[in-house]
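# Inside the fold
In case you want the letters, here they are:
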Amino acid sequence: MVQRQARRGGARSEKRGVGLRFAFYGRTSTEDYQDRASSEYWQRDVAENVIFGRGAVVSEFFDSGYSRRLPWTDRPAAAALLNALRDPNRGFDAIVVGEFERAFYGDQLQQLMPVFERCGVQLWLPETDGPLDLNDVTHQALMLLLGAQSRREVLRSRHRVTAAMRAQVCEQGRYLGGRPPYGYRLVDAGPHPNRAHAQWGRRLRRLDPDPATAPHVRWMFAQRLAGRSVAGIARELNERGVRCPSHVDPERNSHRSGGVWTLRTVAAILANPRYTGRQVWNRQGRDYEAARGKQRRGPVHRWNPVQDWVISKQIVHPPLVTEQDFVAAQAIRATRPTGDGTTRVYLLAGLVRCRLCGRRMDAHWVNNRAGYRCRHGYTSAQRAVPERAKNLYVREDHILASLPAHLAVLELDDGLGSEERGSGDSGQRRDFAELMRQFDLTIVCDTAGWTVETAATTDDADR
């Protein structure tokens, strides 16, 4: 329950019906590394000290495992509190928090105060030792200071933690947690180097080849180095009945529901440098800003550029592939030059989908120009069916010629300038492609034509 009635017999509780009725809000960032009970207790105790003699807490809203960077609408308890504000029979007159930084981040309070005022609810803070009054110049300055301090605290903590993690991976090759890659399992690596942690019984762990799955990883690299396609590798794994990662370790892959190998799964394994025996960190990051306005709860996970990855200097666990073979496998994935030494460029690669089957269409060069085709499963990880539809093909130059008009309808091309719309310059056309990636758009094609849609409305079915 994110909302609770006030504790009976609390140390600071007042007689019911005397003074103001308060709703308490608190928050703790993580569930794994913080004790919710103790965090909730001290925040509640501070809040009751603030309102002592002037009222009592009658309901409680507490978020556990949610970052302060998330807006209130993306925190379950905070969102429930906002909904309760709109109820005329809500049962409380004011809101009290135990610490500003636990409840607000940056300018969140400035955005919420109009909501509190419309609902006729006061906000009490320990920092003001009572209700907040934004008509008071001192309180205004204090809110700006506390918001900046909250943001600064996050930035400082993030810098210290990430710097330490970089050093631990790069210099020590330490395993920092997360799901072990397919083909590996976790084994004991001795006591924790920090004596305090070691006294608490914490121990280090490292990766070790899994006898059941490591042979499949070695086989994938061997097949890829032999020139076999990713789709062919995935298809044979499915035909042989090899269990995919979500079946081998369902507890750590609860977010995955697929029961078969996909192109993405095989491609991710072939691109993971951990299989060379080196520890890798920071391959993926969290983008909190991208989640705003997209009806998403929590951050968006994005792959970081290769140059931002942190790789250990030494080999720290048994490799499943040599570094030479790993580099060679990546070269097979790279764009190959043509006979005259030039490289073919596909501006819309990854942005074109087939409406019939939902798959991304393959980049295809024919008649000296770029295009995109879908063979409806011929290159997928599953066995092709005889009755599949005819191949679909669209030319890139035809799409680019009318793409500005489609983006104009969506009012997304204002930043490029009117003189660039409909222009044939390749650099300006590349700008349109980058604009689509920025706004998470995709081109959906069928035999009748094509449209621009948001990626969230399409089925990510790279099977």
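Residues numbered from 1 in each chain as written. Predicted model: local features only at pLDDT ≥ 70, side-chain atom pairs only at ≥ 80, totals over all residues. Heavy atoms only, no water.

## Re helix H2 (residues 76–85)
Put simply, the rule reads: Each residue is assigned to one of three classes by its accessible area relative to the maximum for its type, calculated with a 1.4 Å probe on protein chains only: buried under 20%, partly exposed between the two thresholds, exposed over 50%. Going along the chain from the N terminus, every DSSP run of H or I of four or more residues is numbered as a helix, and every run of E of two or more is numbered as a strand. Contacts were defined at the residue level, with two residues in contact if any of their heavy atoms lie within 4.5 Å.
The buried fraction of H2 is high, at 7 of 10 residues. Among the residues making up H2, those that are buried are Ala-77, Ala-78, Ala-79, Leu-81, Leu-82, Ala-84 and Leu-85. If you follow the buried residues of H2, they end up packed against strand E2 (20–28), strand E3 (55–64), strand E4 (94–97) and helix H4 (108–118).

## Brief notes about the confidence of the model for the protein
Note: predicted coordinates in regions of low pLDDT should not be interpreted at a detailed level. Rule in force here: A residue's pLDDT is simply how confident the predictor is in it, with values from 0 to 100.
In this model, the protein carries an average pLDDT of 81, and 80% of its residues clear a pLDDT of 70 or more. Every residue in residues 5–17 is under pLDDT 50, and counting partners more than four places away or in other chains gives 20 contacts. Across residues 415–424, confidence stays below pLDDT 50; counting only partners more than four residues off in sequence or on other chains, it has 14 contacts.

## Regarding the pattern of salt bridges
Pairing is possible between side chains of opposite charge, provided their charged atoms come close. Here is the rule we go by: Each salt bridge in this description consists of a side-chain nitrogen of Lys or Arg and a carboxyl oxygen of Asp or Glu lying within 4 Å of one another.
Summed over the entire model, instances satisfying the criterion amount to 16 salt bridges. Measuring nitrogen to oxygen at the nearest pair gives 3.4 Å for the salt bridge that ties Asp-208 to Arg-206. Judged by relative accessible area, Arg-206 falls into the partly exposed class, the value being 32%. The salt bridge partner of Arg-355 is Glu-453, with a shortest N-O separation of 3.2 Å.

## Considerations on the side chain of Glu-101
If you trace the backbone, Glu-101 turns up in helix H3 (residues 100–103). Apart from the residues within four sequence positions on either side, Glu-101 is in contact with Arg-27, Arg-68, Glu-127, Leu-146, Gln-149, Ser-150 and Glu-153.

## Some points on unusual backbone geometry
For Asn-282, which is not glycine, the phi dihedral falls at a positive 70°. Examined against the element boundaries, Asn-282 turns out to sit in the loop between strand E9 (280–281) and strand E10 (284–287). Residue Asn-282 is classed as buried on the basis of its relative accessible area of 19%. One non-glycine residue with positive phi stands out, namely Asn-367, at about 55°. Secondary-structure assignment places Asn-367 in the loop between strand E14 (362–366) and strand E15 (369–374).

## Some details on the environment of Arg-202
Here Arg-202 is to be found in the loop between helix H6 (195–199) and strand E8 (203–209). Discounting residues that sit within four places of it in the chain, Arg-202 has contacts with Pro-191, His-192 and His-197.

## Digging into the packing of helix H7 (residues 214–225) against helix H8 (residues 230–239)
As a reminder, the rule being used: Structural elements are reduced to axes, namely lines fitted to C-alpha atoms, with helices fitted over the stretch in contact, and the angle between N-to-C directions of any two is expressed from 0 to 180 degrees. Crossing chirality is assigned from the near helix's rotation relative to the far helix, an anticlockwise turn below a right angle marking it left-handed and a clockwise turn marking it right-handed. Note on residue classes: Ala, Val, Leu, Ile, Met, Phe, Trp, Tyr, Cys and Pro are nonpolar, Asp, Glu, Lys and Arg are charged, and everything else, Gly too, is polar.
Two elements in contact, H7 and H8, have axes separated by 10 Å at closest approach and are oriented at 140°. H8 is crossed by H7, and the crossing has right-handed handedness. Residues Trp-219, Met-220, Gln-223 and Arg-224 of H7 form the contact with H8, whose own contacting residues are Val-230, Ile-233, Glu-236 and Leu-237. A per-class count over the contact of H7 with H8 returns 5 nonpolar, 1 polar and 2 charged.

## As for the side chain of Arg-274
Here Arg-274 lies in the loop between helix H10 (263–270) and E9. A residue is classified by how much of its surface remains accessible, and Arg-274, at 10% relative accessible area, is buried. With residues near it in sequence (within four places) discarded, Arg-274 still touches Tyr-175, Gly-177, Arg-179, Pro-181, Tyr-184, Leu-207, Gln-279, Val-280 and His-317.

## What to know about the sheet that holds strand E16 (residues 392–395)
Rules: Paired strands, as defined in this entry, are two strands with at least two bridges between them according to DSSP.
Strand order in this open sheet of 3 strands is E14-E15-E16, and the pairing throughout is antiparallel. Looking along the sheet, the strands with just one partner apiece sit at the ends: E14 and E16. Strand-to-strand, the axes of this sheet are offset by a mean angle of 35°, without reference to chain direction. Both E15 and E16 contribute to a ladder of 4 bridges, which runs antiparallel. Across the sheet, the residue bridging to Tyr-372 is Val-394, located in E16. The sheet strands contacting helix H12 (residues 396–409) are E15 and E16, and the helix crosses E16 at an angle near 55°.

## Regarding the pairing of strand E17 (residues 441–446)
In terms of residue burial, E17 counts as a mostly covered element, since 5 of its 6 residues are buried. Sheet topology note: the strand E13 (residues 352–354)/E17 ladder contains 3 bridges and is parallel. Each residue of the ladder has a partner; that of Arg-353, found in E17, is Val-444. Here E17 pairs with strand E18 (residues 449–454) via 6 bridges, running antiparallel. Of the residues in E18, the one forming a bridge with Leu-441 is Thr-454.

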